[in-house]
Amino acid sequence: MRPKGDERGVALVVTVVVLLMVTASLASYLTVATASRRAVGAELARERALYAAELVAAIAVQRFAHSDTISLTDEIAVEVPLASALVGGGSGTTTASRLRASARIRPLSAGSHLVEAEASGPDASRRIVLTVRRIPAVPPPSAAVALYAAPGAEGVGARFGGREFWISGFDETLAGLPGGAAALPAIAVRDEAAVDDLFDALSSSQYPRVVGDGSPPSIANAAGSSPYTALRMQDAVRALAERAHQVLEGNVTIRDWEVGSFGSAATPRIVVVQGDLTVRSQGQLLGAGVLIVDGDLEVHDDGYLHYDGLIVVRGRGQIELETRRPSWYRWFPAWWWEGSHLRGALVALPTAEGTSRSRLRIEDYVEIQRSEEALELARRAASHIRRVELQSWREGVR
Amino acid sequence: MNRSTPARGFTMVELTVTLGLLAVISVGTIGAVRAGLAASADGRDAQLAFHALRAEVEANKALSVRGVLARFGGRTERSFEVAGLQPPAAGQSTGTVRLLSEQQAALLLGIPGLDLNFNGIPAESTLDASYKVLVMVVRVAWRSPTGTEAIELVASVAEDMG
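Basis of the calculations
- Residue positions are given per chain, counting from 1 as you read along its sequence in written order.
- For this description, chains carry letters from A and ligands carry numbers from 1, given in the order in which they are written.
- For this predicted model, a pLDDT threshold of at least 70 governs which residues receive local features, and a threshold of 80 or more governs which side-chain atom pairs are given and counted, while totals over whole chains, interfaces and linings are taken from all residues.
- The side-chain figures draw on all heavy atoms in the structure; neither hydrogens nor water molecules are used.
- Pairs of strands are assigned from DSSP output, requiring at least two bridges between the strands.
- Under the scheme used here, helices are H or I runs from DSSP no shorter than 4 residues and strands are E runs no shorter than 2 residues, and both carry numbers assigned from the N terminus.
- We call two residues contacting when some pair of their heavy atoms lies within 4.5 Å.
- In this description, buried area is defined as the sum, over both parts, of the accessible area (probe of 1.4 Å) that is lost when the two are combined.
- Each salt bridge in this description consists of a side-chain nitrogen of Lys or Arg and a carboxyl oxygen of Asp or Glu lying within 4 Å of one another.
- Any N or O atom pair separated by 3.5 Å or less is treated as a polar contact, with the protein-specific requirement of one donor-capable and one acceptor-capable atom, and with residues adjacent in sequence counted only for side-chain atom pairs.
- As a per-residue quantity, pLDDT reports the predictor's confidence and falls between 0 and 100.
- A pair of Phe, Tyr and Trp rings is counted when the ring centres sit within 6.5 Å of each other, with Trp represented by its six-membered ring. The angle between the planes then sorts it: under 30 degrees is stacked, over 60 is edge-to-face, the rest tilted.
- Exposure classes here rest on a 1.4 Å probe applied to the protein chains alone. A residue is buried below 20% of its type maximum, exposed above 50%, and partly exposed in between.
- When the NZ atom of lysine or the CZ atom of arginine is within 6 Å of a ring's centre and also within 35 degrees of its normal, the charge is said to sit over that ring.
- What makes a nonpolar core is a set of buried Ala, Val, Leu, Ile, Met, Phe, Trp, Tyr and Cys residues whose side-chain atoms join them at distances within 4.5 Å.
- With axes taken as lines fitted to C-alpha atoms, and helix axes fitted only over the stretch in contact, angles between N-to-C directions fall between 0 and 180 degrees.
- Small angles under 35 degrees read as roughly parallel and large ones over 145 as roughly antiparallel, with 65 to 115 read as roughly perpendicular and the rest as oblique.
- For a crossing to be left-handed, the near helix must be turned anticlockwise from the far one by less than a right angle; the clockwise case is right-handed.
- Any residue outside Ala, Val, Leu, Ile, Met, Phe, Trp, Tyr, Cys, Pro, Asp, Glu, Lys and Arg is labelled polar, Gly included; the first ten of those are nonpolar and the last four are charged.
- Directions pointing from the helix axis toward each C-beta atom define the arc.

Student: Tell me about the pairing of strand 14 (residues 269–274) of chain A, residues and numbers included.
Tutor: All names here are of chain A. Pairing geometry for strand 11 (residues 246–249) and strand 14, over four bridges, is parallel. Opposite Glu249, over in strand 14, you have Gln274 as the bridge partner. Alignment of strand 14 against strand 16 (residues 284–293), held across five bridges, turns out to be parallel. Along strand 16, the bridge assignment pairs Val271 with Leu291.

So this is what it looks like as C-alpha cells:
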C-alpha cells in the first residue's frame, strides 16, 4: 500500500524509537546485571574496615588487660593490606592500597575504659567504640557455699547429717583468727525454692552449725544481690579451667592412705579433674588454689579433704562431703585427728545437660569456712589470667 | 523507471542496507545480552563468595581462641567449600582460612613488636592456645569465565570480646 503524503518518514521514526528503546533496555539490563557485583565490592570494603577496626580494638583491649602501665598516649595502629579485591582475569593481583586502622584507650569513671577504634580505606571507613573494664579472674564468692541450679531448674537437693559439721560465712584467716571482710551468708542459692529446700533439710538443732550474715541458719537467696549469674560464673570458671596448671582426665579416686596433692600455700595451683573426684578410705586430698571438678565431688568413708582456696563442682553439681571420726580416735588425744576442712569457698555450678538441680550433702566432721586469705591463694593461682569484660559496643560509619 | 507504480517492491540497495542494519543491531544486542548474563553470573558468584567469607569469619569469631584452635584441629589452615562456586583449580578448595603466628601477623600488619599472647616475647613463630588475639586471613577464590577471582578478609578472634 502506498503511504499517504503525511505518513512518509513514519517508518524511519518508528525504527529510531524502537532502536532507542532496545538500547535503553540493554543499558538498564547491563546496569542491573553489574549492580550486584558492585554491591558486593562496596559491602566487602565496609566489612574489611569493620574487621580491621575490631582487630585493633581487640589488640588494644588485650594490651589494656595485660599491662599495668598503659598510658593515655598509647595508640595501636596497623595497616591491613588489601591483598585482593574482586580481581578478575588473573590470579589475584595484589593492590598497593592498605586499610589504616588505629585504636586509642582512655579511662572513664568507675574503673571502666573507653576504646575508640577506626579503620579507613579507599572505599569505606568504620568506627567502633567499646567500654571495657578489668574483672577478677577468680569470681568473688557470694557465700561460703554457693549453689547454682542448671538453667531452668529450681531448688536444691540437700541433706545435713550430725551436729559436727560447720559452715561459716564469717571471714577467717588461715590461722583461725577473725578476718577483716564483711560477713557473707553461709549458703547462698539463687531461688526461693532452694532456700526452702535447705531449711527443710536442716533440723533446728543444726541451725547453729550454719552461721554467717543473718541469724542461723545463714541461708540467703543471692539472686538479687550477687551479679554473678550462672552464665557469668560459668564463663569465669571456664577461663580458669582453660589455663589450669594441671588437668586430670577421667575419674580420680584417692584412697587407702594415698595423698592427692593439688597445690600448696607456697605454690597454689589451678587443677581440673575432668571426671568424678572421690576421696575415701583414709585417702587425703590436700591442696591450695582452685580445684575444678567436672564430675561429682565425694568425700566419704573416712576420706579427708584439706583444701585452701576455691572448689568449683561443675557437671551435675553433686557434692557429698562426709568425714566420719574413726572408732580408734577415742584412744588418742583430740588434736591427733581432724576432720575435713575447706577454707575459702565451695561452688556448685551444674553445667551438664539434663541436670535438674544441685545436690549438697554435708555430714559429720566437715568444716567449710569462708576465708579471704584462702581465696587469696586462689587468686595467686590465677595470677596469670587477666580478664576484661566488654560493657558496651557501638558501631558507626566515620 | 516509473516510480509511481503502486505494486513495486524494495530495491536491492534498500534490502541490503536493512539487512546490514539488522545484522549490526543483532550482533550488538546479542553481545550486550551475553555480557549482561556474564555480569549477572559474576555478581551471583561474588555474592556467594562474600556470604561464605563472612559466614566463615563469624563462625570463628563466635568461638574463643581455644575453640578456634580446636576447630582447626591443631593446624593453622583449614579449607572449606562454597556451594555453587567452581574451585580455582582441580584439587583446590574455594575457601581457606589461615591463622597467623605473631611473626606472620607482625609482617602483615606492619607492627614489628607484636605480642599477641602477652608473654613479653614479641613476634614468636609458634601459634598456640596462649594467644589472646588470633589474626586470621580468610580467602574465597573461584573460577569464573574470565579467570580466577578471589576476595579476602583479615579478621580477628579475641578473648573476652564476645
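Student: Can you explain the interface of chain A and chain B? Please cite residues and give values.
Tutor: Each partner contributes to the interface: chain A provides 47 residues, whereas chain B provides 51 residues. In terms of surface lost to chain B, no three residues of chain A exceed A:Tyr51, A:Gln62 and A:Glu242, which account for 15% of the buried area on that side. Our count for the contact surface shared by chain A and chain B stands at six salt bridges. Put simply, A:Arg37 and B:Asp42 hold a salt bridge, and the shortest N to O gap is 3.6 Å. Linking chain A with chain B are eight residue pairs in polar contact (both at pLDDT 80 or more), by the criterion used here.

Student: Can you tell me about the confidence of the model for chain A, naming the residues and giving the values?
Tutor: Averaged over every residue, the pLDDT of chain A is 85; the share at 70 or more is 90%. The model gives residues 84–95 of chain A a pLDDT under 50, and that stretch makes 31 contacts with residues more than four places away or in other chains.

Student: Hey, could you go over the packing of aromatic side chains for me, with residue numbers and the actual values?
Tutor: Residues and elements named next belong to chain A. Tallied over the entire structure, the rule returns two aromatic pairs over all chains. Ring plane angle 85 degrees and centroid distance 6.2 Å describe the contact between Phe199 and Tyr207, whose orientation is recorded as edge-to-face. Residue classification places Phe199 among the partly exposed residues on the basis of a relative accessible area of 31%. One residue, Arg134, lies across the ring of Phe64, its end atom 4.5 Å from the ring centre. Taking the ring centre of Tyr228 as reference, the NZ or CZ of Arg232 above it sits at 4.6 Å.

Student: Give me the nonpolar core: which residues, what numbers.
Tutor: Ranked by size, the top nonpolar core spans 68 residues in total, and within it B:Leu109 and B:Val140 carry the most contacts. Broken down by element, the residue count for this core peaks at 16 residues, all from helix 1 (residues 10–66) of chain A. Counting 41 residues, the second-largest nonpolar core is a separate cluster that includes A:Phe160, A:Leu291, A:Ala348 and A:Ile368.

Student: Hey, could you go over the sheet that holds strand 4 (residues 147–158) of chain B for me, with residue numbers and the actual values?
Tutor: Residue and element names in this part refer to chain B. In spatial order, the strands read 1-2-3-4; together these four strands make up an open sheet with antiparallel pairing. Across the chains shown, the open sheet's two edge strands, defined by having one partner strand only, are strand 1 (77–80) and strand 4. Strand after strand, the sheet turns through a mean of 20 degrees between neighbouring axes, direction not considered. Bridging between strand 2 (residues 95–100) and strand 3 (residues 133–144) involves six bridges; their strand directions are antiparallel. Across the sheet, residue Arg98 finds its bridge partner in strand 3, namely Val137. Where helix 1 (residues 12–61) meets the sheet, it contacts strand 1, strand 2, strand 3 and strand 4, and its direction lies at approximately 160 degrees from that of strand 3. Across the sheet, helix 3 (residues 102–109) touches strand 2, strand 3 and strand 4, and the angle it forms with strand 2 is around 105 degrees.

Student: Break down the packing of helix 1 of chain A against helix 1 of chain B for me, with residues and values.
Tutor: Helix 1 of chain B packs onto helix 1 of chain A with a crossing angle of 20 degrees between their chain directions and a minimal axis gap of 9 Å. In terms of their interaxial angle, helix 1 of chain A and helix 1 of chain B are classed as roughly parallel. Relative to helix 1 of chain B, helix 1 of chain A is oriented so that their crossing is left-handed. Of the residues belonging to the contact of helix 1 of chain A with helix 1 of chain B, the class tally is 19 nonpolar, seven polar and nine charged.

Student: So what about the environment of A:Ala175? Which residues, and what values?
Tutor: Secondary-structure assignment places A:Ala175 in the loop between strand 7 (166–168) and strand 8 (187–189). Classification of A:Ala175 as exposed rests on a relative accessible area of 65%.

Student: Go over helix 2 (residues 192–201) of chain A with me, naming the residues and quoting the values.
Tutor: Residues and elements named next belong to chain A. Looking only at helix 2, the buried set comprises Ala194, Val195 and Leu198. Along the axis of helix 2, the buried residues cluster in a sector spanning 105 degrees; they form a single face. Those residues of helix 2 that are buried are in contact with strand 5 (145–147), strand 6 (156–161), strand 8 and strand 10 (219–221). Sitting at the head of helix 2, Asp191 places a side-chain oxygen 3.2 Å from the backbone nitrogen of Ala193.

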